Amino acid sequence: MLLFSPMLLPLMGFVLGCVIFFILGRIVLALVPSFRFTVANLVLFVMGAFLGTMTFMIAYDRIFANSNQELTSTWTIVGLFAVMFIGAVLGGSVLVWLNVRFGKQPRTSSTQ
């Protein structure tokens, strides 16, 4: 007897989100010169993208959903995807920026 119900849809959504945020992170890290491309920065970007997307989705839902917590029009659903994209870029970029700003800086040896 299984102790949990095996559901593949949430797992597939998580994997698809990781792939999309990975590609988005590669693009953002390549376009912003102060963000060095490292595996750590890419992992931070993906984590921040998830956090930013969830935060922006909750705020969007509170503003535009009806009393049953449903998005009923086509434009509110299209707007949700735009807000998810903006949340992913902002959330990922903020975490990478914090890492670049406050993280351990590599030491350079001076020749004096």
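Remember, predicted model here, so these are calculated numbers, not experimental data.

Colleague: Please give an account of the nonpolar core that cites residues and values.
Modeller: In terms of nonpolar packing, the biggest core is built from 13 residues, with Phe21, Leu29, Phe35, Phe45, Ala49, Ala88 and Val96 touching the most fellow members. Listing elements by their share of this core, those giving two or more residues are α1 (8-31), α2 (39-64) and α3 (74-102). Among the elements that line this core, the one with the most residues is α2, at 5 residues. In this structure, Phe45 is in contact with Phe21, Leu24, Gly25, Val28, Ala88, Val89, Gly92, Ser93 and Val96, ignoring residues within four places of it in sequence.

Colleague: How would you sum up the layout of surface pockets? Please name residues and give values.
Modeller: Empty space among the atoms can be located by rolling a probe the size of a water molecule over them. Computed from the structure, the largest pocket encloses a volume of approximately 240 Å³. Along the walls of the largest pocket sit Gly13, Leu16, Gly17, Ile20, Phe21, Leu24, Thr53, Phe81, Met84, Phe85 and Ala88, which together make up its complete lining. Elements represented by at least two residues in the lining of the largest pocket include exactly α1 and α3. Ranked by residues supplied to the lining of the largest pocket, first place goes to α1 with 6 residues. Looking at the lining of the largest pocket residue by residue, the class counts come to 8 nonpolar, 3 polar and no charged.

Colleague: Account for the environment of Asn66, naming residues and giving values.
Modeller: Among the secondary structure elements, Asn66 is positioned in the loop between α2 and α3. For Asn66, the side chain forms a polar contact with the main-chain nitrogen of Glu70, separated by 3.0 Å.

Colleague: Please give an account of the side chain of Asn41 that cites residues and values.
Modeller: Looking at the element boundaries, Asn41 is found in helix α2. There is a polar contact of 2.6 Å between the side chain of Asn41 and the side chain of Asn99.

Colleague: Break down α2 for me, citing the residues and quoting the values.
Modeller: With 26 residues, α2 should cover 38 Å at 1.5 Å per step; its first-to-last C-alpha distance of 37 Å lies within 8% of that length. The set of residues buried in α2 consists of Asn41, Leu42, Leu44, Phe45, Val46, Gly48, Ala49, Gly52, Thr53 and Tyr60. Against α1 and α3 lie the buried residues of α2.

What counts, and where the lines are drawn
- Residues numbered from 1 in each chain as written.
- Predicted model: local features only at pLDDT ≥ 70, side-chain atom pairs only at ≥ 80, totals over all residues.
- Heavy atoms only, no water.
- Core = buried A, V, L, I, M, F, W, Y, C linked by side-chain atoms within 4.5 Å.
- Buried < 20%, exposed > 50% of the residue type's maximum accessible area, 1.4 Å probe, protein only.
- Helix = DSSP H or I, 4+ residues; strand = E, 2+ residues; numbered from the N terminus.
- Contact = heavy atoms within 4.5 Å.
- 1 Å grid on protein atoms, 1.4 Å probe; cavity = no way out; pocket = protein on both sides within 12 Å on 5 of 7 lines; lining within 4 Å.
- Points joined across faces, edges and corners; volume = space filled by probe spheres on them.
- Nonpolar A, V, L, I, M, F, W, Y, C, P; charged D, E, K, R; others polar.
- Polar contact = N/O pair within 3.5 Å; in protein donor to acceptor, adjacent residues only side chain to side chain.
- Expected span 1.5 Å × (residues − 1).

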